[in-house]
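Chains, contacts and geometry: an overview
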Amino acid sequence: MTDFTTLSLTDLKNGYEKKDFTCREVVTSYLARMEATKALNAYVLETPDIALAAADRSDARIQKQEALSLDGIPVAVKDLFCTKDVPTTACSKMLEGYKPKYESTVTQKLWDAGAVMLGKTNMDEFAMGSTNMTSAFGPVINPVTLPGDARRFVPGGSSGGSAAAVAARAALMATGSDTGGSIRQPAAFCGIVGMKPTYGLCSRYGMVAFASSLDQAGPLTRTVADAALMLQITAGHDPKDATSLNRPVPDFVGELSAPLKGLRVGIPHEYQVEGLGADIVALWEKGRAWLVEQGATCVEVSLPHTKYALPAYYVLAPAEASSNLARYDGVRYGLRVEGATLDEMYENTRAEGFGDEVTRRVLMGTYVLSAGFYDAYYRKAQRVRRVISDEFRGVFENVDVILAPTTPTPSFAFGEEPKDPISMYMNDVLTVPANIAGLPAISVPAGLSKEGLPLGLQIIGPAFGDSVVLRAGLAVERAANFVFPQGE
Amino acid sequence: MDAQTVAKVARLARIHLDDKDLPILQERLTGILKWVSMLDEVETTNVEPMFSVHLETSPVREDVVTSASMVNDILANAPEKELDMFVVPKMVG
């Protein structure tokens, strides 16, 4: 059987058009690849019947020359997107067995464009984590391996299953969500492209909520062009999400080919954080040179409040989470653990349903929102959020994009992960600022660490500057010529 | 944060905690609180709190029914239901 999983999206579309092969053949090939890479635990649910039925519908449209833009394209869905009548758990025991009666807007748009769902991917519980180790369904293994080294590495998180699936060619593309780096960090760790669009560009309707003022859906793909196409299809105003942007969706795909000449790139020295690896600093330098070679100009910029973004995030995100997760009460859906009184039932259900990291964040959030601490923590963090956001706005008066590393370190082996919460949170120190300010940002695989693990470079743009972010990302991709290292 | 406060917050959050879990949570939460208190270094007098990045007000819509007759869908995942209603433990004697 031909292995179609190595073909690019463009190759697939051309092949379908020329009738070289069918969607059913391609999807069958992906299902076999999912089976072969099962040990990675990237999927928590495989949906082969749904996939083959969708492939047949795509084949029928292609036969009639009525092909849609994603017909026959195999997509993995992070288990945080509600899929009608298909289990959706956010990888929490709390939602085990939950079957939504409605479809998320982002996934509906994908199916309306002909995309084929392969299954639901593993993630950190309720998207709270940077390793995929908080999942109730076990960790995900990064497909990247090092020669002569038996250690296995984390895929990052929270969209760890989506990133691993795309990197392992067990999906062509995948949906993710990014509240503090949950698309970009795993993309960097797994050697693929991941983009967090401007806040509000993709509807949050039907996404299991974590921190609503920060949550943003986005693509995990093999190439920047694929990310542009996926974003084109999933973006757009949705009356069902009050925070969804009500403005025309730009032509991301078309604007990708605009020249880079004259692009002003800012290099923020505050992103030179403590613990930033020498190999990452060198790659950052290279990235700068790549963009200059393609006609951009680079200048130093200053974002002095960068270091406050992470602590602000760890007040705001838990606060919003504690409020959002109040819905898990054992009454309407999900887990119920009985108790003698209503309150006992709530307490037992939530003790049993939430894992350690989720419990910690809900408690933290409850504390910072409680009487007497609201102003000192929550209000304060909201004020700092404005300071950080204004600071970005000022910098973007003089530059078009910012270039920075995606993460301070490459992936780490199982057993070598940071043991205390704050060191673990530092994984997101370079990705969180874009969430705090609602800005678009992309991670592009750009090189390898001294050990041989993938490293990502990040492009951050001004609000609504998703097109320029994609264009600069493409320039990095073109120059980096990244080759996926050895792996499964 | 002392152990008593952790227990109080857990009650507010309706999460049952065993006494043996209190010390580690107390340590973790105290560490995080201490770390986030670096926000106090930022001068924010006259800075308005920011609750959303692009919206200064919430959008409004007409108060009309957009979907109805969804009782079965709404109850489809209920752990316990009866007569088209969610069932909970008895609340009044």
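Here's what I pulled together on the structure shown here.

Basis of the calculations
- Residues numbered from 1 in each chain as written.
- Chains lettered and ligands numbered in written order.
- Predicted model: local features only at pLDDT ≥ 70, side-chain atom pairs only at ≥ 80, totals over all residues.
- Heavy atoms only, no water.
- Core = buried A, V, L, I, M, F, W, Y, C linked by side-chain atoms within 4.5 Å.
- Buried < 20%, exposed > 50% of the residue type's maximum accessible area, 1.4 Å probe, protein only.
- Helix = DSSP H or I, 4+ residues; strand = E, 2+ residues; numbered from the N terminus.
- Contact = heavy atoms within 4.5 Å.
- Salt bridge = Lys/Arg side-chain N within 4 Å of Asp/Glu carboxyl O.
- Polar contact = N/O pair within 3.5 Å; in protein donor to acceptor, adjacent residues only side chain to side chain.
- Nonpolar A, V, L, I, M, F, W, Y, C, P; charged D, E, K, R; others polar.
- 1 Å grid on protein atoms, 1.4 Å probe; cavity = no way out; pocket = protein on both sides within 12 Å on 5 of 7 lines; lining within 4 Å.
- Points joined across faces, edges and corners; volume = space filled by probe spheres on them.
- Expected span 1.5 Å × (residues − 1).
- Pairing = 2+ DSSP bridges.
- Axes fitted to C-alpha atoms, helices over the stretch in contact; angles between N-to-C directions.

What about the nonpolar core?
Residues and elements named next belong to chain A. Within the largest apolar cluster, 172 residues are counted, with the highest numbers of intra-cluster contacts made by Phe126, Phe392 and Leu470. Considering each element in turn, this core owes the most residues, ten residues, to helix α10 (residues 309-324). Sequence-distant contacts of Phe126, that is, excluding residues within four places in its chain, are made with Ala90, Ser92, Met94, Leu95, Val208, Phe210, Leu325, Tyr328, Phe354 and Val358. One finds Val144, Leu146, Ala413 and Leu453 within the second-largest nonpolar core, a separate group that totals five residues.

A word on the pattern of salt bridges
Residue and element names in this part refer to chain A. As enumerated under the stated definition, the model contains 28 salt bridges over all chains in all. One salt bridge in this structure joins Asp3 and Arg169, with 3.3 Å as the shortest N-O distance. One end of the pair, Asp3, is in the segment before α1 (9-17); the other, Arg169, is in the loop between α5 (160-167) and β4 (173-177), and 166 residues separate them in sequence. Classification of Asp3 by relative accessible area gives partly exposed; the value is 39%. Since its relative accessible area comes to 24%, Arg169 is described here as partly exposed.

Digging into the interface of chain A and chain B
Taken together, the contact between chain A and chain B spans 66 residues of the former and 47 residues of the latter. Taken together, the connections running from chain A to chain B amount to three salt bridges. Among the ionic pairs, Glu41 of chain B bridges to Lys307 of chain A, the shortest N-O distance being 3.9 Å. Summed over the shared surface of chain A and chain B, the number is 16 residue pairs in polar contact (both at pLDDT 80 or more). Sorting the residues of the side of chain A that touches chain B by element identifies α10, α11 (342-353), α12 (356-369), α13 (374-395), α14 (421-425) and α15 (432-437) of chain A as the ones contributing at least two each. Here the side of chain A that touches chain B gets eleven residues from one element, more than from any other, and that element is α13 of chain A. In the side of chain A that touches chain B, the residues fall into 33 nonpolar, 16 polar and 17 charged.

Here we look at the layout of surface pockets
Unfilled space is identified by rolling a water-sized probe across the atoms. The space that makes up the largest pocket amounts to roughly 980 Å³. Tallied by class, the residues present in the lining of the largest pocket amount to 14 nonpolar, six polar and nine charged. One number sums up the size of the second largest pocket: a volume of about 810 Å³. Thr134, Gly355, Asp356, Glu357 and Arg360 of chain A are, among the 37 residues lining the second largest pocket, the residues nearest its centre. Residue assignment for the lining of the second largest pocket shows that the elements contributing at least two residues are α11, α12 and α14 of chain A together with α2 (22-36) of chain B. Here the element with the most residues in the lining of the second largest pocket is α12 of chain A; it accounts for five residues.

Here we look at the side chain of Asp79 of chain A
Looking at where Asp79 of chain A falls in the secondary structure, it is placed in the loop between β2 (74-78) and α4 (105-112). In contact with Asp79 of chain A, other than residues within four places in its own chain, are Val44, Pro87, Thr88, Thr89, Ala90, Cys91, Lys120, Thr121 and Met123 of chain A.

Some details on helix α16 (residues 466-480) of chain A
Residues and elements named next belong to chain A. In this model, α16 (15 residues) spans 21 Å end to end at C-alpha, consistent with the 21 Å of a helix rising 1.5 Å per residue. Buried residues dominate α16, accounting for twelve of its 15 residues. Asn481 sits one or two positions beyond α16 and adopts a positive phi of about 50°.

Regarding the sheet that holds strand β9 (residues 401-405) of chain A
Residues and elements named next belong to chain A. Here eleven strands make up an open sheet; going across it, the order is β1-β3-β2-β4-β6-β5-β10-β11-β9-β7-β8 and the pairing mixed. Every interior strand has two partners, whereas the edge strands, β1 (43-46) and β8 (297-301), have only one. Averaged over all adjacent pairs, the angle separating strand axes in this sheet is 30°, with direction ignored. Where β1 meets strand β3 (residues 116-121), three bridges bridge the pair, whose relative direction is antiparallel. For Tyr43, the partnering residue across the bridge sits in β3 and is Thr121.

So, empty space enclosed by the protein
Residues and elements named next belong to chain A. Within this structure, the stated rule accounts for three cavities of 30 Å³ or more. Of the volumes computed, that of the largest cavity is approximately 60 Å³. If you go around the largest cavity, you meet 13 residues; those closest to its centre are Ala127, Gly129, Ser182, Tyr313 and Asp428. When grouped by side-chain class, the residues that make up the lining of the largest cavity number five nonpolar, six polar and two charged. Taken together, Val106, Thr175, Gly176, Cys202, Ala217, Gly218, Pro219, Met230 and Thr234 make up the lining of the second largest cavity. Of all elements in the fold, only β4, β6 (217-221) and α7 (224-234) reach the threshold of two or more residues within the lining of the second largest cavity. In the lining of the second largest cavity, the residues fall into five nonpolar, four polar and no charged.

A look at the pairing of strand β10 (residues 441-448) of chain A
All names here are of chain A. Buried residues dominate β10, accounting for seven of its eight residues. Pairing between β10 and strand β11 (residues 454-460): seven bridges, direction antiparallel. Residue pairing across strands places Val444 opposite Leu457, the latter belonging to β11. Connecting the antiparallel pair β10 and β11 is a turn made up of five residues, with Gly452 showing a positive phi of about 110°.

Digging into unusual backbone geometry
Along the chain, Gly157 of chain A connects to Ser158 of chain A via a cis peptide bond; the corresponding omega equals 10°. With respect to the helices and strands, Ser158 of chain A occurs in the loop between β3 and α5. Of note in this structure, Asp85 of chain A is not a glycine but carries a positive phi near 60°. Mapped onto the elements, Asp85 of chain A comes out in the loop between β2 and α4. The phi torsion at Arg14 of chain B lies on the positive side, around 55°, for a residue other than glycine. Relative to the assigned elements, Arg14 of chain B resides in the loop between α1 (3-12) and α2. Classification of Arg14 of chain B as partly exposed rests on a relative accessible area of 30%.

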